[in-house]
Amino acid sequence: KVKIAVFASGSGSNFSALAEACKNGELNAEIVLLVTNKPDAYAIERAKKVGISALVVPPKSFESKDAYEQAILSALQESEVEWIVLAGYMRLIGPVLLSAYPSKIINIHPSLLPSFPGKDAIGQAIAHGVKVTGVTVHLVDAGMDTGPIIAQHAVDVVDGDVEKTTEAIHAVEHYLYKDALSELFSR
Ligand code: GAR
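Everything numeric here is computed off the predicted structure, so don't read it as measured data.

### Overview of the side chain of D145
At step 1: Of note, D145 is situated in the loop between β6 (132-139) and β7 (149-156).
At step 2: One buried charged side chain, D145, makes no salt bridge at all; its nearest oppositely charged neighbour is K119, positioned 10 Å away.
At step 3: Engagement of the side chain of D145 in a polar contact is seen with the backbone nitrogen of G118, the distance being 2.7 Å.

Okay, here's the thing in structure tokens:
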């Protein structure tokens, strides 16, 4: 099994979908660690419920981004993590993690990149008035949602409504991510 760490800053619905896929064998991987920068992330509760350890690393308690990422890296190495899987982790990955995990950091983003990178991609898409948006899984590089694209799926905007469209996007994310990772890990 491939040992992975999932990074999340928020609700963690993608974390749970991946944990379920690992458990039922759809994904030949084991989540050895949840990493979060947010002490109040609901993802932490989800990890506890399924017996996965959660590492809470508040960036403010470090003097630099490098020191912050070095602390995360030590924990990843201790747990022999092979791939980093970002699932709603709302921080840019810096040089420490990028050089320790070259081409082994994956992200999911709620738009058809390169449209609408960054925060609130669904809100941006609806504000722009697009009728179709979607989900992208991509390799992480130093940019904001810019690395090579691995998988994409289109999702219709529902009634110009952020909440309904978010629901539709999440449903797609929860199967697209496990399928894309499964493909990647079997190469
Ligand atoms: C997901 O929609 C993910 O694509 C997005 O955050 C959400 C997290 O939901 N990520 C980004 O916007 C990254 N730029 P979750 O916490 O329920 O998995």
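### What about helix α3 (residues 65-78)?
At step 1: With 14 residues, α3 should reach 20 Å at 1.5 Å per residue; the first-to-last C-alpha distance of 20 Å fits that figure.
At step 2: Residues of α3 that are buried include every one of Y68, E69, I72, L73, A75 and L76, and no others. Relative to the axis of α3, the buried residues are bounded by an arc of 165° and lie together on one face.
At step 3: Downstream of α3 by one or two residues, E80 has phi in the positive range, about 55°.

### Notes on the UniProt feature "active site" (unreviewed entry) in the protein
At step 1: In this numbering, the UniProt entry assigns the feature "active site" (unreviewed entry) to H109.
At step 2: Within the secondary structure layout, H109 lies in strand β5 (residues 105-109).
At step 3: Aside from chain neighbours lying at most four places away, what touches H109 is F116, P117, G118, A121, G134, V135, T136, D145 and E173.

### Some remarks on the environment of E78
At step 1: Mapped onto the secondary structure, E78 falls in helix α3.
At step 2: Judged by its relative accessible area of 70%, E78 is exposed.
At step 3: For the pair formed by E78 and N24, sequence separation is 54 residues and the distance between their alpha carbons is 26 Å.

### What about the pattern of salt bridges?
At step 1: Enumeration according to the criterion identifies five salt bridges in this entry.
At step 2: Note that K178 and D179 form a salt bridge whose closest N and O atoms lie 3.9 Å from each other.
At step 3: Overall, K178 belongs to the buried group, its relative accessible area being 14%.
At step 4: Two residues, R187 and E183, come together in a salt bridge whose shortest N-O distance is 3.2 Å.
At step 5: By relative accessible area, which is 44% here, E183 ends up partly exposed.
At step 6: Each of E26, K178 and D179 takes part in a single network of salt bridges with overlapping partners.

### Notes on the site of the ligand
At step 1: Neighbouring the ligand are 14 residues, the closest being G12, S13, N14, H109 and E173.
At step 2: Backbone polar atom of I108 to an oxygen atom of the ligand: 3.5 Å apart, as the coordinates give it.
At step 3: Separating a nitrogen atom of the ligand from a side-chain N or O atom of H109 is a distance of 3.1 Å.
At step 4: In the complex, the protein chains occlude 88% of the 450 Å² of accessible area that the ligand would expose alone.
At step 5: Residue assignment for the shell around the ligand shows that the elements contributing at least two residues are α1 (13-23), β5 and α6 (162-185).
At step 6: Here the shell around the ligand is built from residues that sort into three nonpolar, nine polar and two charged.

### Quick word on the packing of aromatic side chains
At step 1: One pass over the full model with this rule turns up three aromatic pairs.
At step 2: A centroid spacing of 6.0 Å and a plane angle of 65° characterise the contact between F62 and Y68, whose relative ring orientation is edge-to-face.
At step 3: Judged by relative accessible area, which is 1%, Y68 ranks as buried.
At step 4: Consider the rings of W83 and F185, whose centres lie 5.2 Å apart with planes at 55°: the pair is tilted. Residue W83 is located in strand β4 (residues 83-86), and its partner F185 is located in helix α6; the two are separated by 102 residues in the primary sequence. Side by side, W83 and F185 carry an identical accessibility label, which is buried.
At step 5: Above the ring of Y68, the side-chain terminus of R91 is found at 4.9 Å from the ring centroid.

Definitions and cut-offs
Residues numbered from 1 in each chain as written. Predicted model: local features only at pLDDT ≥ 70, side-chain atom pairs only at ≥ 80, totals over all residues. Heavy atoms only, no water. Helix = DSSP H or I, 4+ residues; strand = E, 2+ residues; numbered from the N terminus. Buried < 20%, exposed > 50% of the residue type's maximum accessible area, 1.4 Å probe, protein only. Lys, Arg positive; Asp, Glu negative; His and termini not counted. Salt bridge = Lys/Arg side-chain N within 4 Å of Asp/Glu carboxyl O. Polar contact = N/O pair within 3.5 Å; in protein donor to acceptor, adjacent residues only side chain to side chain. Expected span 1.5 Å × (residues − 1). Arc of directions from axis to C-beta. UniProt positions renumbered as here; feature names shortened; annotations may be inferred. Contact = heavy atoms within 4.5 Å. Near = heavy atom within 4 Å. Areas by Shrake-Rupley, 256 points an atom, 1.4 Å probe, with all protein chains shown as cover. Nonpolar A, V, L, I, M, F, W, Y, C, P; charged D, E, K, R; others polar. Phe/Tyr/Trp six-rings, centres within 6.5 Å; stacked < 30°, edge-to-face > 60°. Lys NZ or Arg CZ within 6 Å of the ring centre and 35° of its normal.

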